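One-letter residues, chain by chain:
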Amino acid sequence: MSTFVLAGTDGSAESTAAVGWAAEEALRGGHALHLVHAWTWEDDLHVDADRSASVRSLAERALADTARQVREARPGLEVRTGILAGREPGAALVAAAAEAELLVLGSLGLGAFEGLLVGSVGLFAAARCEVPVVLVRAGQPARQDGPGAAEVVVAVDAHAPADQVLDFAFRQAAARGAVLRAVHGWTPPPVWGYAGWVAPAAEAEQFRVLEAGLLRQALGVWRAKYPEVAVVEDSRTGGAAGAVVAASAGAALVVAGRRRRRLGPVAHAVVQHAQAPVVVVPHD
């Protein structure tokens, strides 16, 4: 069975953007593309069978039309379609993605810190899926691969780096021919002084050097594994989430990690507010 990228679609502008992103990723990685619509009408089967059948038929036709458009735009890409039955779309998508390389979904919102980008289905999938989940919103410009490509940004906890997250980010940067920006946000521990809890300049500089060294150490093995990837080590004072969101402007992709079955505060803030497609990578 061929590897595949799974994309959820419901006809919205956001899901259309997600399908386009998923198709490009499938081509880049040599995967098939599987388009699905999460069926939420099963409760009507015993109430109004005719209406349920009619709505299902509309969903199937919409899927077929989307698949046709993708094939026409990207000849040679293998595209499959399917309807997912279940009362909870998020759970159905997570289950269907078990064998996929990625799950790609559309997200809603206004961008930056003015609005939230991800709805309940996207948040559920990002927190529960066992494969990376990509969240794309409408209106994000297409990013070209190769020389001059937009950066791939990865959130790095230099004190506890996650191998799965860094490996995914380096592979994405290598596949795109893009620079990888590794962002580590940190806050100096406060020290009591006459002005209150402040960090003296000398100690702040010591912490800056220490944190930058930890980031360099966290990236060392991956830089050796992917020597073709140019890396920017971006260690910033301040909150980790804010640092990653700030770096996301103009990026091709933002990569953040989460522990199994839990979307932590940094990943949650990044998927809600980043200004580029976000992929959430589960790790141990």
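Residues numbered from 1 in each chain as written. Predicted model: local features only at pLDDT ≥ 70, side-chain atom pairs only at ≥ 80, totals over all residues. Heavy atoms only, no water.

### With respect to the overall build of the chain
Phase 1: The helix and strand inventory of the chain stands at 8 helices and 12 strands.
Phase 2: Evaluated residue by residue, the chain yields a buried proportion of 47% over its 284 residues.
Phase 3: For the chain, the share of sequence-separated contacts (at least 6 apart) that also reach a separation of at least 24 residues comes to 76%.
Phase 4: Accessible surface for the chain amounts to roughly 13600 Å². Of this, 55% is attributable to carbon and sulfur atoms. (Helix = DSSP H or I, 4+ residues; strand = E, 2+ residues; numbered from the N terminus. Buried < 20%, exposed > 50% of the residue type's maximum accessible area, 1.4 Å probe, protein only. Contact = heavy atoms within 4.5 Å. Areas by Shrake-Rupley, 256 points an atom, 1.4 Å probe, with all protein chains shown as cover.)

### A look at the nonpolar core
Phase 1: One finds L33, L35, V104, V154, F170, L180 and V255 to be the most contacted residues of the largest nonpolar core, which totals 47 residues.
Phase 2: In contact with L180, not counting residues within four places along its chain, are V152, V154, A169, F170, A173, V229, A230, V231 and V232.
Phase 3: Of all hydrophobic cores here, the second largest spans 36 residues; its members include L84, V131, A274 and A276. (Core = buried A, V, L, I, M, F, W, Y, C linked by side-chain atoms within 4.5 Å.)

### Some remarks on the side chain of D234
Phase 1: Within the secondary structure layout, D234 lies in strand β10 (residues 231-237).
Phase 2: Side chain to side chain, D234 and R181 meet in a polar contact 2.9 Å long.
Phase 3: Apart from residues no more than four positions distant in its own chain, D234 is found in contact with R181, A182, V183, H184 and L215. (Polar contact = N/O pair within 3.5 Å; in protein donor to acceptor, adjacent residues only side chain to side chain.)

### A closer look at the pairing of strand β5 (residues 133-137)
Phase 1: Buried residues dominate β5, accounting for 5 of its 5 residues.
Phase 2: Across the two faces of β5 the burial is the same, with V133, L135 and R137 and V134 and V136 all buried.
Phase 3: Sheet topology note: the strand β4 (residues 102-107)/β5 ladder contains 5 bridges and is parallel. Each bridged residue has a counterpart across the sheet, and for S107 the counterpart in β5 is R137.
Phase 4: As paired elements, β5 and strand β12 (residues 278-283) share 3 bridges and run antiparallel to each other. Within β12, the residue paired with V133 across the bridge is V280. (Pairing = 2+ DSSP bridges.)

### Topic: the confidence of the model for the chain
Phase 1: Summing up the model confidence of the chain, the mean pLDDT is 85 and the portion of residues at 70 or higher is 83%.
Phase 2: Of the regions scoring below 50 in pLDDT, residues 109-117 engages in 23 contacts with residues more than four places distant in sequence or in other chains. (pLDDT = per-residue confidence, 0-100.)

### What about the packing of helix α3 (residues 89-96) against helix α4 (residues 120-128)?
Phase 1: Interaxial distance between α3 and α4 falls to 9 Å at its minimum, and their mutual angle equals 40 degrees. Between α3 and α4, the crossing angle belongs to the class labelled oblique. Of the two elements, α3 crosses α4, and the hand of that crossing is right-handed. Of the residues in α4, those in contact with P89, G90, A91, L93 and V94 of α3 are V121, F124, A125 and R128.
Phase 2: Here the residues of the contact of α3 with α4 sort into 7 nonpolar, 1 polar and 1 charged. (Axes fitted to C-alpha atoms, helices over the stretch in contact; angles between N-to-C directions. Parallel < 35°, antiparallel > 145°, perpendicular 65-115°, else oblique. Left-handed = near helix turned anticlockwise from the far one by under 90°. Nonpolar A, V, L, I, M, F, W, Y, C, P; charged D, E, K, R; others polar.)

### Comments concerning the pairing of strand β11 (residues 253-259)
Phase 1: Counting buried positions along β11 gives 5 out of 7 residues, so the element sits mostly inside the fold.
Phase 2: Where strand β6 (residues 152-155) meets β11, 3 bridges bridge the pair, whose relative direction is parallel. Paired with V152 across the two strands is L253, which belongs to β11.
Phase 3: The sheet contact formed by β11 and β12 spans 6 bridges and is parallel. Across the sheet, residue R259 finds its bridge partner in β12, namely H283.
Phase 4: In this view, the connection linking β11 to its parallel neighbour β12 by way of helix α8 (residues 265-273) has right-handed handedness. (Right-handed = clockwise from strand over helix to strand, strands pointing away.)

### Considering the pattern of salt bridges
Phase 1: This model, assessed by the stated rule, comprises 13 salt bridges.
Phase 2: Between E25 and R176 there is a salt bridge, with the nearest N and O atoms lying 3.8 Å from each other. Here R176 lies in helix α5 (residues 163-176) and E25 lies in helix α1 (residues 13-29), a separation of 151 residues in the sequence. For the pair shown, E25 and R176 are each scored as buried.
Phase 3: Across the salt bridge formed by R68 and E72, the nearest N and O atoms sit 3.5 Å from each other. With R68 and E72 both in helix α2 (residues 49-73), this residue pair falls 4 residues apart, about one helical turn.
Phase 4: Residue classification places R68 among the partly exposed positions, given a relative accessible area of 38%.
Phase 5: One salt-bridge network, in which partners are shared between bridges, spans E151, R181, D234 and R236. (Salt bridge = Lys/Arg side-chain N within 4 Å of Asp/Glu carboxyl O.)

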